[in-house]
Amino acid sequence: MAERSFRQEVGKLRLKAGEEFRGEGILAVAKALLQSGVSYVAGYQGSPISHLMDVFADANDLLMELGIRFEHSASEATAAATLAASVNYPLRGAITFKSTVGTNVAADALANLASGGVTGGALIIVGEDYGEGSSIMQERSHAFAMKSQIWLLDPRPDLPSIVSAVERGFELSEASNTPVMLELRVRACHVHGCFIAKDNVRADFALADAMERPVRDVSRIVLPPASFLHEREKVDKRWPAAINYIQQAGLNEFLGEGNADIGIIVQGGLFNTLNRALELFGLSDVFGRCRLPLYVLNVTYPIVDDEVRRFCSGKRAVLMVEEGQPEFIEHNLNTIIRRLDLSTRVCGKQFFPQAGEYTASVMARALHGFLETYQPELTQGRSNPENLPKCNSSLDSLVHPRPPSFCTGCPERPIFSAMKLVERELGQHHVSCDIGCHLFSILPPFNIGAATMGYGLGWASAAAFNTPDTQRRTISVMGDGGFWHNGLTSGVGNAVFNKSDGVLVVVDNRYTAATGGQDILSSTAQNSLRTTNQPIESAISGVGVDWIRTVRRTYSVEQMRSALREALTTKHSGPKVIVAQSECMLNKQRRIKPMMRKLAREGHRVVRERFGVDSDVCTGDHSCIRLSGCPSLSIKDNPDPLRRDPVAHVMDSCVGCGHCGEVAQAAVLCPSFYRTSIISNPTTWERFKSAIANVLIDFLQKQNERRLAQ
Amino acid sequence: MPNKVISIAILAMGGEGGGVLADWIVELAEHAGYIAQSTSVPGVAQRTGATIYYVEIYTGAKSVSGKNLKPVLSLMPVPGHVDIVIASELMEAGRAIQRGLVSRDKTTLIASSHRVYSMTEKIAMGDGRIDSRQLIRAASDAANRFVCADYAKLAQESGSLISAVLFGALAGVQLLPLTRDQYEAAIRRGGVGIESSLAAFAAGFDSVNHGGTSDCVSGPGSSRPGPALAKLVKRIEQSFPPASHELLFVGMIRLADYQDVDYVGEYIDRLESILGLDNLHGDGEYRLLCETARHLALWMSYEDAIRVADLKIRKRRFERISRDVGCKGDQLLEIEDFFHPRIEEIADIMPASLGRWLLSSRIALRIKMGGRVIKTSSIRGFLQLYVVAGLRRWRRGSLRFCVEQKRMLAWLENIKAVATTDYELAISLTESQRLIKGYGDTHHRGNANYETVLGALPCVRMKDRPSATMENLIRAALADESGNALKKALQAL
């Protein structure tokens, strides 16, 4: 991680037995990994698990002391393949990524891993990006666990439970020779809480031991006939072993008072929200002492038949609280109950909405429906669901959505401003998008982009549009993150091989910006742990693209526009790539702000640039905003008493990237924009020049003032 | 909601320090021996999107009948059960209400009254802003207690961030079982920018007790015209109704500034005929006179290169910029202006015949004008603009002047003709001047829209409610850049 320091967090990873850890859920997971004696950790950054990756990147000294190898994997597939180290050796390893997108990418390796099984504990920590704040398709990781037979943990969202899930997860994995997936929802990753730490553990069996005394076992390799044996082994050996361990270790919890004839089964991760909803009905208290029987599934796959029997026997009905769809657990429960010949009714989606996040309001409504049907006296006269918590739609016209957007000074903004200007000249083109900050182009004010098919797949998703029947080309966009993740092969290599005539814009901002600014191969930062400074152009030309243009400063809208225009109109046939370079402004500011302050304090010459709009020249049309969308370019009351439309206004947060001025110029908009340079500690020559200029300017200005004063 | 749990929802936009505020509250509570939990769903919303941070503080006993028990705290706010909502901006306060987080029976809403405009508001071609007063009214209605002040301004004044001011306001409402000292100690323990944060905290704290919702809408500036305009001022005071004086003075100053005293005389001459019509057909409020005076002054001070250059070299501009960027005494300030004049703008300020020739000749096609950046704070740059501004003396002979005068007179004639039969429509018609704005392509588009709308006038006059129809057309012309909305509105006629 280049521009941020996590030294304070690293300190928390060093806590000793008995000390109290305070911090975020995902950081607690990091600490739990160290307490479990892992030998290697790998992953691909992304919300909500980026923090784990970032802190480990800064904790290299500690990891070395513990003999742990930490990798920034090239992709989630790479991370998953890393777990191969646990196949033959008693090495504990963990990987992490955002799910389900990361799990999609990792699926091949995960399936192979799960088929052959593991010797050392293998833990897959997935940040389940579902519900509010999510930026991906709404799916469940649960399906991956089931299809490959990977056990799925979904612990209660408090730090002690999460930490215990990590520790027990390794044991479960080893007891059943099966990889284990730990699912953490976004809020659980970011929850602040505390737990009592244990000492970090250095593994007895080291990576070096494995490398120096390699072992192979052909029965663990996915190739016939072993692959057929694996499937039998999964059901005959590993499943029973897992069920055994889960029951023995008491991973699932039976809470609440036991004598009612209805009960609730809940995914561990939803426990806190359920408890709050129960509190609303007076059925639980702040300590989670529920008046109804509760069966908390901290392991959501596999479901333990015996435990289901124990919980459901004698109950008329149970409510299954299961977020997302399809409702795999509910299906599973019904099957188990049918096979056990119990008469319990399993209610789930019957009372819950089929799709969407289960907020406390949703939970309260479903609970109300369930209780009204099976134990109406418990709803305490709350017979009117209208009294339950709900939203207020009367403000819908006053409250606008505020989707995320390019940051102030973002170097990607001018790329899309240029695209808009080219669109005015050459007409609209099919624009194929990718995953990354640049995808914000699909929103106002740019409204550019027709589809996105996944990380690094920007160019691949325009592959069909390759026909001699039209002169018009397609434009694809790919970030540097996506490029190195797989875009180089799936996009660029594919376009070369299939003789595509399309245009690709690679946004090279020196980081995987959308995931928090981590380094990649083409980053220009010096990183002692990783190899950087590998130019994207070399890779592209290496796979056979011969039309490459590099725009070294995206802020030059004019250059960006001519590169795009040339790519779209040139007679050259074959794939065309524009590499648009400028450093991610968020990270650049983190890097240079403290540096500039320090230099100015020490008496060095420092220039701070800022843009502004002359409100008496601005006429309030806001074309500039429509072509820019910069957060620091806003509007304010018109100071002119004769005008009513608000004028454009540059806020103090401006970082002086110059985009608004460039756009005003390139689009021939208006002369309202100006740039100021504030020079701290100017040179003597500059002082002298400025003094002379000021005398003359002052004189002429005073003449003018005299006329105006009349 | 259980007793002993205080729930706080913080609505902020990415980068505003909502996370810092949540961290402060948690640290404060934990340090005081309470159990606190916070969480959020930042994700990509960190890139300027709307985010909610949620904190719960358990203030009750940690053991029940000798048994140590841990409270189960919620990871998301429950509509109707939130004690304190903190919104870093007014529309975010609206969002909190929309989401049901603010309830009449229990919620204290702390919201900053300043606005960070949404993209929808910003990209409107006219004025797309939501009325803040409506949001404030909704907030007062929804909350049990509504605490509101311009916390962004307080933050700026104390050289800190809004999070520190909001922290102060939270202390000010005195809903957590903690003292002011404890809050301040939390800031000190944070260790970064302590002094400015404490100042901001104090400002926020104090605002709660002598705040109130301030509504500062400033009227037009009340500066008096200078001595050279004295004769004309007298004329105004004698023959124009007092209700129009303030506006007329503004118009006069504007035009004297723009051109000269004679030009102001022409302005008043033109308005006199409107005044006559208003006396005959108006309702005594002189709305037609005032609106015409406003738009005519704007039209007569149309923006040509001379005007722009003139405004760019003003002393008060230099002073304003220096103040805005906070340039200190030992720092140097350089100002660079961005221009992209087209051949049309050059022809505009040439003598009319020459300008016309230039535009029709083949030279115009061959001249490529590039964008240029002029350093106005340098001698060279300043003089360039000074010379252009000096062309003011010859403006009356310029091509653009001829064109604009002809058009504005036609506009006035239309207003007069309409006023005799339909006073309200005449007022709506004055508004059409608003369509012509901007420079270059924008100006061109505005002009075209204006012509289109005016061309529809005969058709509009035959409608049931001509005034409303005209207003509709103007609104449609400002709805989008492509002109689709206007086209649709015209088809509907």
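Predicted, not measured: the structure shown is a model, and the values here were computed from it.

Draft legend 1. Just the interface of chain B and chain A, in detail. In this complex, chain B contributes 127 residues to the contact, which on the side of chain A involves 120 residues. Summed over both partners, the interface of chain B with chain A buries about 10,800 Å², with 57% contributed by carbon and sulfur atoms. Considering only the side of chain B, the residues that lose the most area to chain A are Arg47(B), Leu332(B) and Phe338(B), jointly responsible for 8% of the buried surface there. At the junction of chain B and chain A, the tally comes to 19 salt bridges. The shortest N-O distance in the salt bridge between Asp645(A) and Arg434(B) comes to 2.8 Å.

Draft legend 2. Representation of the domain arrangement of chain B in the model. All names here are of chain B. According to the domain assignment, chain B consists of domain 1 (5–215), domain 2 (220–301), domain 3 (305–397) and domain 4 (420–493). The C-alpha-based centres of domain 2 and domain 4 are spaced at 25 Å. Taken together, the contacts link 14 residues of domain 2 with 11 residues of domain 4. For the pair domain 2 and domain 4, the two sides together bury roughly 1,100 Å², of which 65% comes from carbon and sulfur. For domain 2, the biggest contributors to the area lost against domain 4 are Leu288, His295 and Trp299; these three give 49% of the whole. For the pair domain 2 and domain 4, the interface holds 1 salt bridge. Of the charged contacts in the structure, one is a salt bridge between Glu424 and Arg287, with a shortest N-O distance of 2.8 Å. Counting every contact that joins domain 2 to domain 4 gives 6 residue pairs in polar contact (both at pLDDT 80 or more). Counting only elements with at least two residues in the side of domain 2 that touches domain 4, the list comes to α11 (261–281) and α12 (287–300). Of the residues forming the side of domain 2 that touches domain 4, the biggest block, 8 residues, is contributed by α12. In terms of residue class, the side of domain 2 that touches domain 4 is made up of 5 nonpolar, 4 polar and 5 charged.

Draft legend 3. Structural detail: the domain arrangement of chain A. Residue and element names in this part refer to chain A. Taken domain by domain, chain A comprises domain 1 (15–249), domain 2 (253–389), domain 3 (413–587) and domain 4 (605–709). Computed over C-alpha atoms, the centres of domain 1 and domain 2 are 29 Å apart. Contact with domain 1, which involves 23 residues of that partner, is made by 30 residues of domain 2. Across the domain 1/domain 2 interface, buried area totals approximately 2,400 Å², and carbon plus sulfur atoms make up 56% of it. It is Tyr130, Arg140 and Arg156 that lose the most area in domain 1 upon contact with domain 2, and together they represent 30% of the buried surface on that side. In this assembly, domain 1 and domain 2 are joined by 4 salt bridges. The salt bridge partner of Arg187 is Glu357, with a shortest N-O separation of 2.6 Å. Remark: the boundary between domain 1 and domain 2 carries 16 residue pairs in polar contact (both at pLDDT 80 or more). Those elements that place two or more of their residues in the side of domain 1 that touches domain 2 are α8 (142–148), β6 (151–153) and α12 (226–249).

Cut-offs and rules
Residues numbered from 1 in each chain as written. Chains lettered and ligands numbered in written order. Predicted model: local features only at pLDDT ≥ 70, side-chain atom pairs only at ≥ 80, totals over all residues. Heavy atoms only, no water. Contact = heavy atoms within 4.5 Å. Buried area = accessible area lost by both parts, 1.4 Å probe. Salt bridge = Lys/Arg side-chain N within 4 Å of Asp/Glu carboxyl O. Domains from an automatic or database assignment. Polar contact = N/O pair within 3.5 Å; in protein donor to acceptor, adjacent residues only side chain to side chain. Helix = DSSP H or I, 4+ residues; strand = E, 2+ residues; numbered from the N terminus. Nonpolar A, V, L, I, M, F, W, Y, C, P; charged D, E, K, R; others polar.

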